Amino acid sequence: MAKTATLPDREAVPDIPVVRTVEVADLKEVLVKGLSDFKEKPSHILMLALIYPIVGLLSARLAAGYDVLPLIFPLVSGFALIGPLAAIGLYELSRRREKGLEVSWKSAFEICHSPSIGSIVALGALLMVIFLIWLAAALAIYELTFGAVTPSSIGEFATQVFTTPAGWTLILVGCGVGFLFAVLVLAISVVSFPLLLDRDVGAGVAIRTSVRAVAANPVTMAVWGMIVAGALVLGSIPFFVGLAVVMPVLGHATWRLYRKVVVA
């Protein structure tokens, strides 16, 4: 059962959103409602239109040379870092459905008319910067481990990574650094984008509210982060086809999680 967290300065600053503490069990309801939103207005075509041009460009670049191989995993895992931005239209669909408003494909683009569009763009730019820093860090880790040598084939690259001590070091260090980036993005964005769609509070307040929500619910948010990461991995396995369903469901569920955590 959700309950309001006690914050001593709340009366002094009434315009700052109030956060609740929620239980891990509440995440089941969040996911069920997210799946219901997806079934009501399936958005897999929208996700395919977003995902497959990226996959196509990456595949074309890979066919031209294997120098991009070290960035394959960072690019795929980077979906989790920019996912909150990519799902902004899905939050809008859930918001409109919640209010009983008309929901259509065009509704996802209504965010362009949001009073908070400037803050949404600023927060999205921040996530993109974090994503690019992650790619640079991942490439630096690879070069520190293997040097600047380009793999001659996919098989050689896989052998280097999975059967050599240097490869094991790359996996451990890369996953450790990636985990830190994921925690950072989760903390600043788990409820900030939905909050900006719901209220014109500014990017700073949205980020602080998101951090406070994570601080008030560390275990629940950690489990949510693992659910998101696991679902994205499973969705990526069959050549990213599953992401067309996984990402919309997670996007809708994130709006429902926002409703659970932040007092309306």
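The model shown is predicted, which means the values in this text are computed figures rather than measured ones. (Residues numbered from 1 in each chain as written. Predicted model: local features only at pLDDT ≥ 70, side-chain atom pairs only at ≥ 80, totals over all residues. Heavy atoms only, no water.)

Visitor: Is there a simple way to explain the packing of helix 7 (residues 154-163) against helix 8 (residues 165-189) in this structure?
Guide: For the pair helix 7 and helix 8, interaxial distance at closest approach is 5 Å and the crossing angle is 80°. The orientation of helix 7 with respect to helix 8, classified from their angle, is roughly perpendicular. On the side of helix 7, the interface is formed by Gln160, Val161, Phe162 and Thr163, while helix 8 contributes Pro165, Gly167, Trp168, Leu170 and Ile171. Taken together, the residues that form the contact of helix 7 with helix 8 break down as six nonpolar, three polar and no charged. (Axes fitted to C-alpha atoms, helices over the stretch in contact; angles between N-to-C directions. Helix = DSSP H or I, 4+ residues; strand = E, 2+ residues; numbered from the N terminus. Parallel < 35°, antiparallel > 145°, perpendicular 65-115°, else oblique. Contact = heavy atoms within 4.5 Å. Nonpolar A, V, L, I, M, F, W, Y, C, P; charged D, E, K, R; others polar.)

Visitor: Explain a nonpolar patch on the surface here, please?
Guide: Side chains of Phe162, Trp168 and Ile171 sit close together on the surface and give an oily, nonpolar patch of about 330 Å² of accessible area. Locating Phe162 in the fold gives a position in helix 7. With relative accessibility at 57%, the residue Phe162 sits in the exposed group. (Patch = residues over 30% accessible without salt bridge, like charges linked within 9 Å, V, L, I, M, F, W, Y side chains within 5 Å. Areas by Shrake-Rupley, 256 points an atom, 1.4 Å probe, with all protein chains shown as cover. Salt bridge = Lys/Arg side-chain N within 4 Å of Asp/Glu carboxyl O. Buried < 20%, exposed > 50% of the residue type's maximum accessible area, 1.4 Å probe, protein only.)

Visitor: Is there a simple way to explain the packing of helix 1 (residues 26-40) against helix 11 (residues 218-236) in this structure?
Guide: Helix packing geometry: the angle between the two helix axes and the distance between the axes. Interaxial distance between helix 1 and helix 11 falls to 11 Å at its minimum, and their mutual angle equals 40°. Looking at the two axes, helix 1 sits oblique to helix 11. The chirality of how helix 1 crosses helix 11 is right-handed. Listed contacts from helix 11 to Leu27, Val30 and Leu31 of helix 1 are Thr220, Val223, Trp224 and Ile227. Here the residues of the contact of helix 1 with helix 11 sort into six nonpolar, one polar and no charged. (Left-handed = near helix turned anticlockwise from the far one by under 90°.)

Visitor: Help me understand the nonpolar core in this model?
Guide: Generally speaking, soluble globular proteins have nonpolar side chains that are buried together. Core analysis: the largest hydrophobic core is formed by 48 residues, its most contacted members being Trp224, Leu257 and Val261. Ranked by the residues each element gives to this core, the list is headed by helix 12 (residues 243-261), at nine residues. Residues contacting Leu257, with those up to four places away along its chain left out, are Leu27, Val30, Val190, Met221 and Trp224. Formed by seven residues, the second largest nonpolar core is a distinct cluster that contains Tyr142, Phe157, Val161 and Leu170. (Core = buried A, V, L, I, M, F, W, Y, C linked by side-chain atoms within 4.5 Å.)

Visitor: Is there a simple way to explain the pattern of salt bridges in this structure?
Guide: Pairing between side chains of opposite charge can happen when their charged atoms approach one another. Summed over the entire model, instances satisfying the criterion amount to 11 salt bridges. In this structure, Lys33 engages Glu29 in a salt bridge whose closest nitrogen and oxygen atoms are separated by 2.9 Å. Remark: Glu29 and Lys33 occur in helix 1; sequence separation between them is four residues, near one turn of the helix. Overall, the relative accessible area of 32% leaves Glu29 in the partly exposed class. Notably, a salt bridge pairs Asp37 with Arg97, separated by 2.4 Å at the nearest N-O pair. Of this pair, Asp37 sits in helix 1 while Arg97 is found in helix 5 (residues 88-98), placing the two residues 60 residues apart along the sequence. You can call Asp37 buried: its relative accessible area is 3%.

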